[in-house]
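A look at the structure
If you want the building blocks of each chain, they are given just below.
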Amino acid sequence: MNHFIMKNILSFLMFSFLVFSSAISQSTFSLRYTLNSEYSIISSVYPTDSCYYATGIIADSINPISSGNSFLKIDLDGNILFQKDISSPYKSYETWRGTLQSTFDGQLITVGYSLDSIVGVEALLLKFNMNGDTIFTKNYISPNYQNDPFYVPMDLIIDKNNDFILLNRIFSDSLHVNFELLILDENGNQKISKTFGSELRDRAETIIEDNENGYYLGNWAHNKNLTNNNFVSYTHIIKVDSIGDPIWEYYSPEGILQRGATAMIKAQDGGLVVASGLGVEDPINEFHSRLLFDPYIFKLDENQNVVWEVDYSPLDTGLSDRTVFNKIFDVGDGYVAAGNNWDAEAPVGEDGYLVKISYDGERLWERKFYFVEPQDDLPVLHEFNDMRPTPDGGFIMCGQVFDFSQSVNFQQGWLVKVDEHGCLVPGCHIEVATDELLAAPQIILQPYPNPTSEVLNIYFKHPNLSNSSIFRIVDLNGRTLLQFDANRNDTTYLVNLDKFTNGVYFLQYLENNSILKTEQIIVQK
């Protein structure tokens, strides 16, 4: 047998074995959920070794319109075991932030806000047992309630004293937003309230506990809504002691636009690793500009000096993507962060993504997830609200999908489980070897799962992607049923096949109208 043919057969067999081994070791999936409601999201997820617990938001369009909170128990394959809701026609309950976590007595706690026509907006603390039964709901009004009742919790931690530590956004007037550190005991009773603010607009983002004493408060200080141009935008971090008194403050350098501390983690050497964004002021006309950001992670040492920085601009090819990180974790051999790509040029464009960097700031991998728009060009976007490492070494993300091609349930909850390499399609991290005698470069086109029922995940990687590349899905008669651009490299495309009937189809990759790669797919509902 020819040497290079034999060599590539062996490469293919090794690749198939590695993919198979990865597939059986960790479950991966991407699933949508209506949660028995017209509109739904999954806002927070808490993994265990036997199941996932999650909270979300549900709403219908029937008057009186109000939103409720859902508590979910989900098995390791993504099937909902039970759902328990808190709702009222006279009061809304919304838990947008990824704060669900275990308490020291083995229960679960999260924060959100409630809204009614009498009190207005109140901060909300919800405690559940593992069966989803509500142990208590506690409401709190803004310390500036008489001037403006706006009051939204942005983050929650449980400290070494079993206290609940909340970081809340508050309005000081119609333009300025400040923030509050609220310390509650294990029963939800208020112990300490400290407010912080400036002449800028402050958007509190995240809070973490110091290993020794006190807390770090992550903030975004900016003038974005105070002016139409000439923006200032800072990453602002305050170190406070256990009763909320400031010890030091850090502001990012003047003249550089940063997106604030959207996520933070304490480094093993005592510094801080901060997820943020690097900004540009993009003129719209001579009077107005917009403030846009590219993804960015940096590390501060214990003296608040920048040790290293990782600039992800742009994360993708083509249009400039603007990114927000909302979670970052130490995974034992580096940091993994999750967030959303915002396409600045699209009317609605957002995609979830996952990145990993080393302890020294080296980029290790990026995993991008892109929902394919249907052929009628109605927008589809999806976003991650939360990400957590799972006991099997992988990661679970949750959020929402907006699919405007759907006549009903266009806003759905979304849950994504990936393996330790961030792969939704097992084996996406494996480089496929090619023989030096082969003229054509190796193109990776992996449909998963196969057979599939509603959504086909396609991992695609090309060593030299062409601008004239497309994907097609054709039936056995060669008729094109779906066609979309192949303009995103090293990306997992998510394709909705709910309108496809059971049968055999072919996924094709084309350059300049020539088919270079074909994979058979089976739809089985």
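Reference entry: report on the structure contained in this document. (Residues numbered from 1 in each chain as written. Predicted model: local features only at pLDDT ≥ 70, side-chain atom pairs only at ≥ 80, totals over all residues. Heavy atoms only, no water.)

1. Focus: the pairing of strand E5 (residues 80-86)
The criterion, for reference: Strands were regarded as paired on the criterion that DSSP finds at least two bridges between them. Helix numbering and strand numbering both begin at the N terminus, where a helix is a DSSP run of H or I of at least 4 residues and a strand a DSSP run of E of at least 2.
Pairing geometry for strand E4 (residues 67-74) and E5, over 6 bridges, is antiparallel. The partner of Phe-71 across the bridge, within E5, is Lys-84. If you look at the hairpin formed by E4 and E5, you'll find 5 residues sitting between the two strands, and Gly-78 has a positive phi there, around 95°.

2. Focus on the state of the cysteines
Short version of the rule: Two cysteine sulfurs form what is called a disulfide whenever their separation falls within 2.5 Å.
In total, this model carries 1 disulfide according to the counting rule given. One disulfide bridge connects Cys-423 with Cys-428, the sulfur atoms lying 2.0 Å from each other. Since a negative S-S torsion denotes a left-handed disulfide, the Cys-423-Cys-428 link at about -85° is left-handed.

3. What to know about empty space enclosed by the protein
The following threshold applies: Only protein atoms enter the 1 Å grid used here. Points where a 1.4 Å probe fits but cannot escape make up a cavity, open sets with protein on both sides within 12 Å along at least five of seven lines make up a pocket, and a residue lines them when an atom lies within 4 Å of a point. Grid points are joined across faces, edges and corners, and a volume is the space filled by probe spheres set on the points.
What the rule picks out here adds up to 2 cavities of 30 Å³ or more. Computed from the structure, the largest cavity encloses a volume of approximately 50 Å³. Every residue along the wall of the largest cavity is listed here: Glu-366, Arg-367, Lys-368, Phe-369, Gly-422, Cys-423, Leu-424, Cys-428, Tyr-459, Asp-490, Thr-491 and Thr-492. Put simply, the parts of the chain that give the lining of the largest cavity at least two residues each are strand E26 (363-371) and strand E34 (491-496).

4. Re the side chain of Thr-262
What counts here: Note on definitions: a residue-residue contact is assigned when non-hydrogen atoms from the two residues lie within 4.5 Å.
As for its position among the elements, Thr-262 is in the loop between strand E18 (246-251) and strand E19 (263-266). Beyond its immediate sequence surroundings of up to four residues, Thr-262 is in contact with Glu-205, Thr-206, Ala-275, Ser-276, Val-324, Phe-325 and Asn-326.

5. So, the packing of aromatic side chains
Heads up, the condition is: Stacked, edge-to-face and tilted labels apply to pairs of Phe, Tyr and Trp rings (six-membered ring for Trp) whose centres lie within 6.5 Å, assigned for plane angles under 30 degrees, over 60, and everything in between, in that order. Throughout this description, buried means an accessible area under 20% of the type-specific maximum (1.4 Å probe, protein chains only), exposed means over 50%, and partly exposed covers the range between. Either the NZ atom of lysine or the CZ atom of arginine qualifies as a charge over a ring when it sits within 6 Å of the ring centre and within 35 degrees of the ring normal.
In the structure shown here, the tally under the stated rule is 27 aromatic pairs. Considering the side-chain rings of Tyr-39 and Phe-410, the 5.5 Å spacing of their centres and the 75° angle between planes classify their relative orientation as edge-to-face. Placement of Tyr-39 in strand E2 (residues 39-47) and of Phe-410 in the loop between strand E28 (395-403) and strand E29 (411-418) is noted, with a sequence separation of 371 residues between them. According to the relative accessible area criterion, Tyr-39 is partly exposed, its value standing at 22%. We classify Phe-410 as partly exposed; its relative accessible area is 23%. Both rings, one in Phe-500 and one in Tyr-505, keep their centres 5.2 Å apart while their planes meet at 70°; by these two values the pair is edge-to-face. Assessed through its relative accessible area of 6%, Tyr-505 is described here as buried. An aromatic cluster is present here, built from Tyr-370, Phe-460, Phe-471, Phe-484, Tyr-493 and Tyr-509 joined pairwise through their rings. The side chain of Arg-259 reaches across the aromatic face of Trp-220, ending 3.9 Å from its centre.

6. Comments concerning the sheet that holds strand E35 (residues 503-511)
Two orientations exist for strands paired in a sheet by backbone hydrogen bonds: parallel and antiparallel. Rules: To define axes, lines are fitted to C-alpha atoms, for helices over the stretch in contact only, and angles between the resulting N-to-C directions are given on a 0 to 180 degree scale.
Sheet architecture is open: 4 strands sit in the order E33-E32-E35-E36, paired in antiparallel fashion. Strands at the two margins of the open sheet, each flanked by one partner only, are strand E33 (480-485) and strand E36 (514-523). Across this sheet, the average inter-strand angle for adjacent strands is 20°, counted without regard to direction. With 9 bridges connecting them, E35 and E36 associate as antiparallel partners. Bridging from a neighbouring strand, Leu-507 pairs with Glu-519 of E36.

7. Quick word on the side chain of Lys-91
Mapped onto the elements, Lys-91 comes out in the loop between E5 and strand E6 (92-94). On the accessibility criterion, Lys-91 (17% relative accessible area) is buried. Residues in contact with Lys-91, not counting those within four places in the same chain, are Ser-66, Ser-67, Ser-114, Leu-115, Asp-116, Glu-122 and Asn-139.

8. So, the environment of Val-280
Note that Val-280 resides in strand E20 (residues 272-283). Judged by relative accessible area, which is 37%, Val-280 ranks as partly exposed. Between the alpha carbons of Val-280 and Leu-291 there is a distance of 6.0 Å; along the sequence they are 11 residues apart.

9. Quick notes on the sheet that holds strand E11 (residues 151-158)
Strand order in the open sheet formed by 4 strands is E11-E12-E13-E14, and the pairing between neighbours is antiparallel. This sheet does not close on itself; its edge strands, each paired only once, are E11 and strand E14 (190-196). Shown here is a sheet whose adjacent strand axes are inclined to one another by a mean of 20°, direction ignored. Pairing between E11 and strand E12 (residues 164-171): 7 bridges, direction antiparallel. Considered in E12, the bridge of Pro-153 is made with Asn-168.

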